[in-house]
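Structure at a glance
Letter by letter, the chains look like this.
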Amino acid sequence: MLRVGTQSSRRVVIISKIFKLCRQIVGAKQTKGIVEAKLTPQIIPRSEHNISRKQFSPNAIKVLYRLKDGGYDAYLVGGCIRDILLGIEPKDFDVVTNATPEEVKRLFRNCRLIGRRFRLAHIVFGREVIEVATMRGHHLSNGEDDPTSKASEQGQLLRDNVYGTIEEDAQRRDFSINALYYSVNDFGVRDFAGGIEAIKARRIELIGDPETRYREDPVRMLRAVRFATKLDMEIAPATLTPITELSPLLGNIPPARLFEETLKLFLGGKAEANFLMLRDLGLFKQLFPTLEEILAQEDSEFERRFIQQMFANTDARINNNKKVTPAFIYAALLWFPLRKRSALLEQQGISEYDAFMQAISQVLSENAQRVAVPKRFTLGARDIWHIQQRLDRRSGQRAYRLSLQPKFKASYDFLLLRVESGESDQQPLADWWTEYLKQDVGGQKEMVKNLGQKDRPKRRYRNKPRRKPKQDS
C-alpha cells in the first residue's frame with residue numbers, strides 16, 4: 001500500500017510539474033510581446049488624427065465611394081495610412097472591401113483580376129493602379145481539393161482566397177502598423193492591433209505568433225527588414241528573434257517573387273542599411289548564397305567594401321532623383337561569383353575568353369534558382385561585364401566605338417566603383433577614361449594617338465642587301 005501511495009504521489013508531482021511547465025510556456029509567450037488583433041477596434045475620430053482626404057489619391061477616393069454606393073464596406077488600409085501618420089507622402093493606396101473580386105469587377109469597367117495565390121482586383125486609372133483586396137478570413141480546411149485554401153507542410157500558405165470580416169482581416173495583417181483602416185463613412189481610423197501606439201514607439205511588430213506568421217509567408221522576414229530601415233524603426237524582440245532560424249524558409253518562395261522583393265529592398269533609398277541587416281540576420285545568404293560565401297571569408301575585405309559601396313552609391317543616386325538600373329546592381333552582386341567561376345574554368349585549361357563566357361552563363365543560371373532576374377536586366381549585366389574586359393583596348397577606333405555602346409556609361413561607373421573600393425591597379429585606366437570623356441573629338445583623337453605611340457613596339461629597320469649589277473652577256 002505504501003508503494004502504491006508512493007507511485008501515486010510521484011505521478012501527482014510529475015503532473016504538477018507538467019502543468020507548471022505549460023504555464024511557464026504560456027506565460028513566456030504572453031511576456032514576449034506577442035501582439036494580437038482585437039475584435040473591437042480602437043476608433044480614432046477625425047478630430048483626433050491628422051489624416052485628410054486631400055492627402056489621398058482622388059482615384060482611391062473614387063473607388064471607396066463607388067464601393068460604398070454599391071452597398072459594400074470599403075476602407076483605405078495599410079501603408080498609406082501609416083505613412084501619413086508618420087508625415088511621409090504615400091505612394092500607393094490600397095483598398096480593402098467585403099465585396100468579392102468578381103463583384104468588384106462588375107462595378108468597375110477599368111478592373112482586371114490578378115493573382116492565383118491571392119486574388120486581387122486592380123482598378124486602372126491611366127498609369128495609376130488602385131489595388132482592391134477582399135477582406136481575408138481564417139483557414140478552416142487544408143484539403144488538397146479546397147479551391148480557396150491550401151498550406152504546405154512547412155505551414156506556408158499556397159492558396160489564400162478565404163474571405164471574411166474586417167475583424168478577421170485585421171488578424172490576418174502582417175504588422176500592427178499596417179492594421180489601420182480609414183473609412184469615408186465617418187472619416188475615422190480603426191486600429192485593431194495597437195498600430196498607433198507602435199508608430200509612436202517606432203516599433204515593427206508582427207500580429208500573432210511570429211514563427212507561425214513567418215511560416216505562413218516567409219517574405220514577411222524581408223518586409224520586416226525593409227520597414228525597419230525605411231521608417232527608421234526597430235524590430236520588436238519577439239518579431240526579430242525567429243528570423244535567423246527560419247531564414248531558410250525563403251528557399252520555398254518562387255524566385256520571381258523574390259526578385260520583386262529585392263527590388264523593393266535595393267531601390268528604396270535604403271539599400272546599404274538593408275544589405276547590412278540582411279547579412280546580420282542570415283537572410284542575404286538565402287538570396288545570394290554564392291556571394292555570401294565569398295563575403296564571409298576573412299580575406300574578403302575588398303569584396304565587402306565593393307558591395308557596400310555599390311549600395312551606398314545607389315542610395316545616393318536615388319535620393320538625388322537620379323536613374324538607377326537593376327542591371328548595374330545585379331552586375332555588381334554577381335561580379336565576384338563570376339570572377340571566381342571564370343578562374344576555376346581557366347584552371348581546367350579553358351581559354352580566358354571561353355572561361356569568361358561559360359562563367360557568365362553558369363552564374364546567371366544558378367542565381368535564377370534563387371532570384372529570377374528578368375532577361376532585360378541580365379542582358380544589361382552581361383554588357384557591363386563584357387565592357388569591363390574591353391576597357392583597356394583603346395587603340396585606333398576602339399575607344400570611340402566602345403564609348404557608343406548603350407551600357408558604356410554604366411560600365412564606366414562600374415570601373416570607378418572598382419577603383420573606389422580599393423582596386424588600385426585599375427586607377428590609371430579609370431583616369432584615362434575620365435579624361436577621355438571630358439575631351440572633344442579632337443582631344444579624344446589626340447589621346448588615342450599618344451596612347452598608340454606610347455604602346456606601339458619600336459619598328460626595326462634592316463639594311464636592304466645591295467643588288468648586284470647586271471652583267472652584259
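Conventions used here
Residues numbered from 1 in each chain as written. Predicted model: local features only at pLDDT ≥ 70, side-chain atom pairs only at ≥ 80, totals over all residues. Heavy atoms only, no water. Helix = DSSP H or I, 4+ residues; strand = E, 2+ residues; numbered from the N terminus. Buried < 20%, exposed > 50% of the residue type's maximum accessible area, 1.4 Å probe, protein only. Contact = heavy atoms within 4.5 Å. Areas by Shrake-Rupley, 256 points an atom, 1.4 Å probe, with all protein chains shown as cover. Pairing = 2+ DSSP bridges. Axes fitted to C-alpha atoms, helices over the stretch in contact; angles between N-to-C directions. Phe/Tyr/Trp six-rings, centres within 6.5 Å; stacked < 30°, edge-to-face > 60°. Expected span 1.5 Å × (residues − 1). Polar contact = N/O pair within 3.5 Å; in protein donor to acceptor, adjacent residues only side chain to side chain. pLDDT = per-residue confidence, 0-100. Core = buried A, V, L, I, M, F, W, Y, C linked by side-chain atoms within 4.5 Å.

When its secondary structure is counted, the protein chain shows 23 helices and 12 strands. In the protein chain, buried positions account for 43% of the 473 residues. Partitioning the intrachain contacts of the protein chain with sequence separation of at least 6 by distance along the chain shows that 66% fall at a separation of at least 24. For the protein chain, the accessible surface area stands at approximately 27200 Å², while carbon and sulfur atoms represent 49% of it.

Glancing now at the sheet that holds strand β6 (residues 128–134). Taken in spatial order, the 8 strands of this open sheet run β1-β10-β9-β2-β3-β6-β5-β4, and their pairing is mixed. Here the strands that pair on one side only, and so sit at the sheet edges, are β1 (42–44) and β4 (111–114). Averaged over all pairs of adjacent strands, the angle between strand axes in this sheet comes to 30°, irrespective of strand direction. Of the pairings in the sheet, the one linking strand β2 (residues 74–77) to strand β3 (residues 94–97) comprises 4 bridges and is antiparallel in character. Counterpart to Tyr75 in the pairing with β3 is Val96.

Remark: the centre distance and the inter-plane angle together describe each pair of aromatic rings, the angle taken between the planes. As enumerated under the stated definition, the model contains 23 aromatic pairs in all. Ring geometry for Phe284 versus Phe288: centroids 5.3 Å apart, planes at 40°, classification tilted. Comparing Phe284 with Phe288 shows no difference in burial state: the two are buried. What links up through ring pairs into an aromatic cluster is the set Phe259, Phe266, Phe275, Phe284, Phe288, Phe311, Tyr330 and Phe377.

Helix length check: helix α11 (residues 255–266), at 12 residues, gives a terminal C-alpha distance of 16 Å against a target of 16 Å (1.5 Å per residue), a fit within 8%. When α11 is considered as a whole, its buried residues turn out to be Leu258, Phe259, Glu261, Thr262, Leu263, Leu265 and Phe266.

Bringing the side chain of Asn274 into the picture now. With respect to the element layout, Asn274 can be found in helix α12 (residues 271–280). With a relative accessible area of 2%, Asn274 lands in the buried category. Side chain to side chain, Asn274 and Thr229 meet in a polar contact 2.5 Å long. Sequence-distant contacts of Asn274, defined by excluding residues within four places in its chain, comprise Val225, Arg226, Thr229 and Leu265.

As a further point, take the confidence of the model for the protein chain. Summing up the model confidence of the protein chain, the mean pLDDT is 86 and the portion of residues at 70 or higher is 84%. Note that pLDDT drops below 50 for residues 145–149; the model gives that stretch 13 contacts with residues more than four away or on any other chain.

On to unusual backbone geometry. Phi is positive for Arg202, close to 55°, though the residue is something other than glycine. Topologically, Arg202 is positioned in the loop between α6 (195–201) and β11 (203–204). Overall, Arg202 belongs to the partly exposed group, its relative accessible area being 35%. The phi dihedral of Asn321 falls on the positive side, at around 60°, and the residue is not glycine. Among the secondary structure elements, Asn321 is positioned in the loop between α15 (301–319) and α16 (326–333).

A separate point is the nonpolar core. A general tendency of soluble globular proteins is for nonpolar side chains to be buried together. Formed by 97 residues in total, the largest nonpolar core has its most connected members in Leu76, Leu333 and Trp385. Ranked by residues supplied to this core, first place goes to helix α8 (residues 219–230) with 7 residues. If we ignore the near neighbours within four places in the chain, the residues touching Leu76 are Phe56, Ala60, Leu64, Ile81, Phe93, Asp94, Val95, Leu180, Tyr181 and Tyr182. In terms of nonpolar packing, the next biggest core, distinct from the first, is built from 16 residues, Ile387, Tyr412, Trp432 and Tyr436 among them.

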